Amino acid sequence: MSGADDTIEPAAAEPPWRQQLRAALGDLPAVRRRRLRSLAPAGAAALQPAAPEGATGARDEEASPPSPSPLLDLASNDYLGLSRDPSVLAAAGSELAASGLGAGASRLVSGTRPVHLQLEEALATWLGRERVLLFPSGFQANLAAVCALADRHTLVLADRLIHHSLLAGVRASGARLKRFAHNDPADLERLLLHEQRSRPEARLLVLCESLYSMEGSTPPLADLAALCARHGAPLLVDEAHALGVLGPGGRGLAHGIADVAIVSGTFGKAFGSGGAFLAGDALVGDWLLQSSGAFRYTTALAPPLAAGALAALGRIQVDPHAAISLLARSGRWRDALEAADWPRPPGEGPILSLRLGSDAAALAAQQRLEAAGLLALAIRPPTVPEGTARLRLVLRSGLPAGTLEKLLEALGPAPLPPPACR
Ligand SMILES: Cc1ncc(COP(=O)(O)O)c(C=O)c1O
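Rules of the game
Sequence order sets the numbering: in each chain, residues are counted from 1 along the sequence as written. With the structure being a predicted model, the display of local features is reserved for residues of pLDDT at least 70 and the display and counting of side-chain atom pairs for 80 or more, all residues being used for whole-chain, interface and lining totals. The side-chain values count all of the structure's non-hydrogen atoms but skip hydrogen atoms and water molecules. Labels follow the DSSP assignment, with helices taken as runs of H or I lasting at least four residues and strands as runs of E lasting at least two, numbered in each case from the N terminus. Exposure categories follow from relative accessible area, calculated using a 1.4 Å probe and restricted to protein chains: below 20% of the type maximum is buried, above 50% is exposed, and the middle band is partly exposed. His is not counted here, nor are the chain ends, while Lys and Arg score as positive and Asp and Glu score as negative. We count a salt bridge whenever a side-chain nitrogen from Lys or Arg sits within 4 Å of a carboxyl oxygen from Asp or Glu. For this analysis, residues touch if any pair of their heavy atoms sits within 4.5 Å. Aromatic rings from Phe, Tyr and Trp, taking only the six-membered ring of Trp, are treated as a pair when their centres fall within 6.5 Å; an angle between ring planes under 30 degrees marks them as stacked, one over 60 as edge-to-face, and anything in between as tilted. Note on definitions. A residue lies near a molecule or strand when any single heavy atom of the residue is within 4 Å of it. Under the rule applied, a polar contact is a pair of N or O atoms within 3.5 Å (in protein, one hydrogen donor and one hydrogen acceptor; residues adjacent in sequence only if both atoms are side-chain atoms). Each accessible area is a Shrake-Rupley estimate made with a 1.4 Å probe; only the visible protein chains count as cover when residues are assessed. Here the rule is simple: two strands pair whenever DSSP picks up at least two bridges between them. Only the stretch in contact is used when fitting a helix axis, every axis being a line fitted to C-alpha atoms; angles between N-to-C directions are given from 0 to 180 degrees. Here the expected length of a helix is defined as 1.5 Å per residue gap, with one fewer gap than residues. Only buried Ala, Val, Leu, Ile, Met, Phe, Trp, Tyr and Cys residues count toward a nonpolar core, and they belong to the same one when joined by side-chain atoms within 4.5 Å. Seen with its strands pointing away from the viewer, a crossover is right-handed if its path from the first strand over the helix to the second goes clockwise.

Colleague: Whenever I open this one, the side chain of Glu-95 confuses me. Can you help?
Modeller: Locating Glu-95 in the fold gives a position in helix 2 (residues 86-99). Arg-113 is the oppositely charged side chain nearest to the buried, salt-bridge-free Glu-95, at an N-O distance of 5.8 Å. Residues in contact with Glu-95, not counting those within four places in the same chain, are Gly-100, Val-115, Pro-303, Pro-304 and Ala-307.

Colleague: Is there a simple way to explain the packing of aromatic side chains in this structure?
Modeller: Each aromatic ring pair is specified by the distance between its two centres and by the angle formed by the two planes. Applying the stated criterion across every chain, the model contains 4 aromatic pairs. Here the aromatic rings of Trp-126 and Phe-271 are separated by 6.3 Å at their centres, their planes lie at 75°, and the arrangement is edge-to-face. Residue Trp-126 is located in helix 4 (residues 114-127), and its partner Phe-271 is located in the loop between strand 7 (260-266) and strand 8 (276-280); the two are separated by 145 residues in the primary sequence. Classification of Trp-126 by relative accessible area gives buried; the value is 4%. In this structure Phe-271 comes out as buried when scored by relative accessible area, which is 0%. Seen in terms of ring centroids, Phe-267 and Phe-271 are 5.4 Å apart; in terms of plane orientation they differ by 50°. Their pairing is tilted.

Colleague: It is not clear to me how the site of the ligand should be interpreted in this structure. Could you clarify?
Modeller: Lining the immediate surroundings of the ligand are 13 residues, of which Gly-138, Asp-238, His-241, Thr-266 and Lys-269 lie closest. In this structure, His-163 approaches the ligand through a side-chain N or O atom, which is 3.4 Å from an oxygen atom. Thr-266 is positioned with one of its side-chain polar atoms (N or O) 2.7 Å from an oxygen atom of the ligand. Expressed as a share of its isolated accessible area of 390 Å², the protein-covered part of the ligand is 79%.

Colleague: Can you walk me through the sheet that holds strand 7 in this structure?
Modeller: Within a sheet, adjacent strands bond to each other through the backbone by hydrogen bonds, running parallel or antiparallel. Strand order across the open sheet formed by 7 strands is 2-8-7-6-5-3-4, with mixed pairing between neighbours. The two strands at the open ends of the sheet, each matched to only one other strand, are strand 2 (131-135) and strand 4 (176-180). The average undirected angle you get between the axes of adjacent strands in this sheet is 20°. For strand 5 (residues 203-209) and strand 6 (residues 235-238), the ladder comprises 4 bridges, and the chain directions are parallel. By the bridge assignment for strand 6, Val-206 is matched with Leu-235. This element, helix 4, spans strand 2 and strand 8 of the sheet and lies at about 130° to strand 2.

Colleague: Help me understand helix 12 (residues 320-339), please; the structure alone is not making it clear to me.
Modeller: Given a rise of 1.5 Å per residue, 20 residues ought to cover 28 Å, and the 29 Å separating the end C-alpha atoms of helix 12 matches this to within 8%. Where helix 12 is buried, its residues meet strand 9 (351-357), strand 12 (389-394) and helix 14 (403-411). The positive-phi residue at the C-terminal boundary of helix 12 is Asp-341, with phi of around 75°.

Colleague: Which parts of the structure should I look at to understand the nonpolar core?
Modeller: Among the nonpolar cores identified, the biggest contains 111 residues, and Leu-123, Leu-207, Phe-271 and Leu-393 are the most heavily contacted of them. For this core, the element with the most residues is helix 11 (residues 303-318), which contributes 7 residues. Residues in contact with Leu-207, not counting those within four places in the same chain, are Val-146, Val-156, Leu-157, Ala-158, Asp-159, Ile-162, Leu-166, Val-170, Phe-180 and Leu-236.

Colleague: Just checking my understanding: could you explain the environment of Gly-111 for this structure?
Modeller: Residue position: Gly-111 is located in helix 3 (residues 107-111). Separated by 187 residues in the primary sequence, Gly-111 and Thr-298 have C-alpha atoms spaced 9.7 Å apart. Once residues within four sequence positions are removed from consideration, Gly-111 is found in contact with Ala-103, Ala-105, Ser-106, His-116 and Ala-300.

Colleague: Explain the pairing of strand 4 here, please?
Modeller: Two faces make up the sheet, and in a regular strand the side chains alternate between them. Across 5 bridges, strand 3 (residues 154-159) lies against strand 4 in parallel orientation. Residue pairing in the sheet places Leu-157 in a bridge with Lys-178 of strand 4. This β-α-β element, strand 3 to helix 6 (residues 164-173) to strand 4, shows right-handed connectivity.

Colleague: Looking at this structure, how should I read the sheet that holds strand 11 (residues 377-379)?
Modeller: In spatial order, the strands read 9-12-11; together these 3 strands make up an open sheet with antiparallel pairing. Each edge of the open sheet is held by one strand with a lone partner, namely strand 9 and strand 11. On average, each strand axis in the sheet is inclined to that of its neighbour by 30°, with strand direction left out of account. Strands in contact with helix 12 are strand 9 and strand 12; relative to strand 9, the strand with the most contacts, it is inclined by about 25°. Here helix 13 (residues 359-371) sits on the sheet and contacts strand 9, strand 11 and strand 12; the angle it forms with strand 12, its principal contact strand, is near 30°.

Colleague: Is there a simple way to explain the pairing of strand 7 in this structure?
Modeller: Across the 7 residues of strand 7, 7 count as buried, placing the element largely inside the fold. By the bridge criterion, 4 bridges tie strand 6 to strand 7 in an arrangement that is parallel. Along strand 7, the bridge assignment pairs Leu-235 with Val-260. By the bridge criterion, 5 bridges tie strand 7 to strand 8 in an arrangement that is antiparallel. Bridge pairing links Ser-264 to Leu-278 in strand 8.

Colleague: Help me out: how do you make sense of helix 6 in this one?
Modeller: Of all 10 residues that make up helix 6, 7 are buried, and the element is covered over most of its length. Those residues of helix 6 that sit buried are Ser-165, Leu-166, Leu-167, Ala-168, Gly-169, Val-170 and Ser-173. For helix 6, the elements touching its buried residues are helix 5 (138-149), strand 3, strand 4, strand 5 and strand 6. Of the residues trailing helix 6, Gly-174 is marked for its positive phi of about 80°.

In structure tokens form, the structure reads like this:
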């Protein structure tokens, strides 16, 4: 690979499959190409590993020029800063010493450790659900959840902006898919009624998120759940971005809504580590345990991650103020952007989405911020719909004072006329 332009030089005689990949990559316009990003500024060596604090001698200081200061992170989903919380790190460290790094087998073979069972029980109690099962990632949990509740006889009705992992689940299940307008119960009802009239025998499944990661918006979840209950359709709510931050005590927005069949959550966001879970009633939990290949045929969540998640849950429970003040700060940032003539970012959580329209405008905004020492990513199609490229700003606990002022200055004047907000 040539570092300068990311093109991959062809080998002398290439088999057709490689030629096809090359042609497909060649079709990607420059503004759609992805780069692996770190908190290093663009000029610094890409993905240069950070030396641990206090480490010496890891790099040849003579040979390499001093690296520019790292960018201030307005992009990651570590909303509460728990990835570096001392009690979370200590819990993961003791479990590492006690159980080793990996579980060594799937949960149903010999991979289950006491910490897995403790975490499942603690989450079930916290969320008020009967059963919780852990998964190695949220992507896998979502895939498992959809496959557990849908097959080729099912019509899945999904919010138009649903996460890719849920769509992957729909494809894997063989179900048909229809999309309803974003956060729009009336449109969902229209589709439910149409399906029940035309195919009364079809099984149904409805999918939504409680905090959309590229929009910052939240649905009227109680309305969606009531609608699903009236039509006998199970509702799966992905709470990946809401857990720890939204809902009573950070329990998510599905908390207390009994008509939600499955809640999916990940430890990769506010919990500050990695891994995930599905929560539901005893029947759904048992069905997942008995039927889910994505649960059964995978190595159990690494025990240190389970211990870290358990400790993170403890932090969230004892310090609900962290989420409350993060939401208050998110409100102040929305107010300030609006006062500076930017369209008010939708929602109330820590994800602030600034619509810019074209890919080029979003990339230019990302670069302006980077020049000011801030990392916030331009989100472009196909991650978001065509013509809705945006800058995704993510707030977290512990941002230094003055960050908002720095951001507003780096953004410059709001574009005129302001892009329409959906
Ligand atoms: C809405 C949503 N669901 C699921 C996932 C997947 O979670 P994980 O990172 O644990 O695989 C993500 C993460 O990108 C997400 O944003």
